[in-house]
Amino acid sequence: MNAVATARAAYDCIVIGGGHNGLACAAYLARAGRSVLVLEAADRLGGAALTREFAPGFRVSAGAHLLHQMPARLIEELALEKHGLRWAAQSLPTAALAPDGAALLLSGSGPESIEGPVDREDTEGYARFMALMQRFAAVMNPMLEAVPPRLGTERWADRLSLMRLGWRIRRLGRRDMRELLRIAGMNVYDLLKEHFRSPLLQGALGFDAVLGTNFGPRAPGTVMTLLYRLAAQHGAGARALALPAGGLGAVADALAGAARAAGAEIRLTAPVARVTVAADRACGVTLQSGESIAARAVVSSADPQTSFLGLVGSEHLDTAFVRRVHHLRTRGLAAKLHLALDGLPKFSGLPAAAHGARLLIAPSLDYVEHAYNHSKYGAHSAAPALEITMPTLSDPGLAPTGKHVLSAIVQYAPYELTGGWAGQHEAFAQQLIDQLERHAPGLRSLVRERELLTPPDMEREFRISGGHWHHVDLALDQFYAVRPVPGATQHRTPLPGFYLCGAGCHPGGGVMGIAGRNAARQIIAGEPAQ
Ligand SMILES: Cc1cc2nc3c(=O)[nH]c(=O)nc-3n(C[C@H](O)[C@H](O)[C@H](O)COP(=O)(O)OP(=O)(O)OC[C@H]3O[C@@H](n4cnc5c(N)ncnc54)[C@H](O)[C@@H]3O)c2cc1C
């Protein structure tokens, strides 16, 4: 889809970036009657949640590959299924692969939903642990889905929001409340050691706490990141973990359909060079082509450093604010491996019917922690932890008949690799294939083509500075009411008329659309300045 002839007219709102959050924001704004223009730099929509070809005839979800956090309510409100969203698979089980022996299968949270090499104590303990975590996740979900309060204001809305959170925690009852307060700042390693004996089960649950983050399981705050993931999945309801038919790009296409149906215009290959500032307010954008477009408000789904330091420019912002943005931690640690396969690999210890599950190589907490250790010193893991999907098992149209796609998230691969990625890219890709070969003998001979995306590759392709899953590291000091930085925590920013709507905002990355939806609500509500 190409340039829209009427794009020089003034709009109520310009949305920078056609990733899923930018599109969700545009859809909500357009449905509220605003005239909206989305400007996407790439030649396709989706940002880090897109589907594209990586080898002739083979397509893959090149960034995000599982949908498990988008609120069911958002899918309904925007009628995404009416706009073409279909499901190749829903409620995928997780299979934790063992180095030797049978895999552990997790298909829910009850004692009947765990199958494999665990004893009765762990089976019952799993059901108890998951029930507790689900209660906490239910408490956290409204906090995750709402705009965070501004701290220290006299406004009743902000006070009420904090009071509601306190009230929800209080309603857990004394025992659960104490436990939540005890574990909230803990590391997931210690928590899981308290609950389970099976290293395989510990590894699988611990990996979920650190997937997409810059932590190992021994880092304080990793119980919080596990709860964060579960809280988001709570909102997604029964269909999480899901594979949209056509890959994650189908979510962006459906969001674009909803936005267009409500009147929004979308332009591709339209990189924004600068936000126009006049009389201390954002009033439009200038494209790299030199074209200027006026708007009453501008909202950016690009990461906060790109948005403030690149698009607005530090000359329009207070020095202390610029320093805070500059100091955000934005270097990614997750890589992505895509394999085009001539046939279906057979993973040892995994029943044939479970090959379409979400497969984990994270056989113990120590394994994941060791994988993390290298990254602290600028090296990639010698034995990385992996989340693997083979989407062609439920969505065969992604590859030629009889062929398969394997998509793996790889942790840990630092943005700044000592010695640089150029000389080590190939060796790391080969190392990953060797690792997969050990779990699925014969896999190597099926590999027709492969693609490895490191964080610098993702920085280039997705235009995310640092190539980080969450745009801005998801850590307690960059979380909730201080995310991404004080002064820009409620989608509003110090520059009137300029808003943020991407993964750098609360609640962070993951294909949720919440940041986009909440930014639209703030724009519609209008501005009290920060
Ligand atoms: C390796 C990896 C695996 C992941 N796996 C999962 C997963 O399985 N499940 C999950 O839920 N999440 C996953 N994530 C996280 C998820 O992909 C992101 O958090 C999410 O896609 C961010 O969406 P967004 O719309 O906020 O930003 P983005 O997707 O980054 O979109 C921002 C858009 O803005 C555009 N843009 C930037 N600058 C400009 C400019 N100057 N002018 C115009 N346009 C511009 C970009 O091109 C991009 O399209 C993964 C992330 C990574 C990196």
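The shown structure was predicted, so the numbers you read here are calculated from the model rather than taken from an experiment.

Phe129, Met133, Leu201, Phe347, Leu359, Leu406 and Leu436 are the most contacted members of the largest nonpolar core, which has 99 residues in total. When residues of this core are assigned to their parent elements, the largest contribution, 11 residues, is made by helix 3 (residues 120–145). Residues within four places of Leu359 in sequence aside, it is in contact with Ala95, Leu97, Phe347, Leu350, Ala354, Leu386, Glu387, Ile388 and Met390. Counting residues in hydrophobic clusters, the runner-up holds 43 residues, among them Ala30, Trp87, Ala242 and Ile523.

With that settled, consider the domain arrangement of the chain. When the parts of a complex come together, some accessible area is lost, and that lost area is often used as the size of the interface. According to the domain assignment, the chain consists of domain 1 (11–50 + 67–86 + 245–329 + 472–525), domain 2 (108–238) and domain 3 (330–462). Contact residues are listed per partner, giving 11 residues for domain 1 and six residues for domain 3. Seen at the junction of domain 1 and domain 3, the total is zero salt bridges. One can count one residue pair in polar contact (both at pLDDT 80 or more) joining domain 1 with domain 3. Partitioning the side of domain 1 that touches domain 3 into residue classes produces five nonpolar, four polar and two charged.

Below, the discussion takes up the sheet that holds strand 17 (residues 404–411). Taking strand neighbours across the sheet as the criterion, the eight strands line up as 8-7-6-15-16-17-14-18 in an open arrangement whose pairing is mixed. Unpaired on one side and paired on the other, strand 8 (114–115) and strand 18 (447–453) mark the two borders of the sheet. Bridge count for strand 14 (residues 334–341) against strand 18 is six bridges, and the pairing is antiparallel. Within strand 18, the position partnered with Leu339 by the bridge is Arg450. Sitting on the sheet, helix 7 (residues 199–210) is in contact with strand 6 (94–96), strand 7 (104–106), strand 8, strand 15 (358–361), strand 16 (385–389) and strand 17, with an inclination near 50° to strand 7.

What follows is about the packing of aromatic side chains. Here the structure, examined in full by the defined rule, presents seven aromatic pairs. Note on Phe54 and Phe58: the rings are 6.3 Å apart at their centroids and 65° apart in plane angle, and the pair reads as edge-to-face. Residue Phe58 is classed as buried on the basis of its relative accessible area of 0%. Seen from their ring centres, Trp421 and Phe428 are 5.7 Å apart, and the 50° between their planes marks the pair as tilted. Pair check on accessibility: Trp421 and Phe428 agree, each one buried.

Turning next to the pattern of salt bridges. If you walk through the whole model with that rule in mind, you get 28 salt bridges. Glu145 is paired through a salt bridge with Arg517; the nearest N and O atoms lie 4.0 Å apart. Here Glu145 is found in helix 3, whereas its partner Arg517 is found in helix 16 (residues 514–525), with 372 residues between them in sequence. An identical accessibility class is assigned to Glu145 and Arg517; each is buried. Between Arg448 and Asp342 there is a salt bridge, with the nearest N and O atoms lying 2.8 Å from each other. Note that Arg448 is positioned in strand 18 and Asp342 in the loop between strand 14 and strand 15, a separation of 106 residues in sequence. For Arg448, a relative accessible area of 45% translates into the label partly exposed. If you follow the salt bridges from partner to partner, you end up with Asp208, Arg229, Arg358 and Glu387 in one network.

Rules used in this analysis
Residues numbered from 1 in each chain as written. Predicted model: local features only at pLDDT ≥ 70, side-chain atom pairs only at ≥ 80, totals over all residues. Heavy atoms only, no water. Core = buried A, V, L, I, M, F, W, Y, C linked by side-chain atoms within 4.5 Å. Buried < 20%, exposed > 50% of the residue type's maximum accessible area, 1.4 Å probe, protein only. Helix = DSSP H or I, 4+ residues; strand = E, 2+ residues; numbered from the N terminus. Contact = heavy atoms within 4.5 Å. Domains from an automatic or database assignment. Salt bridge = Lys/Arg side-chain N within 4 Å of Asp/Glu carboxyl O. Polar contact = N/O pair within 3.5 Å; in protein donor to acceptor, adjacent residues only side chain to side chain. Nonpolar A, V, L, I, M, F, W, Y, C, P; charged D, E, K, R; others polar. Pairing = 2+ DSSP bridges. Axes fitted to C-alpha atoms, helices over the stretch in contact; angles between N-to-C directions. Phe/Tyr/Trp six-rings, centres within 6.5 Å; stacked < 30°, edge-to-face > 60°.

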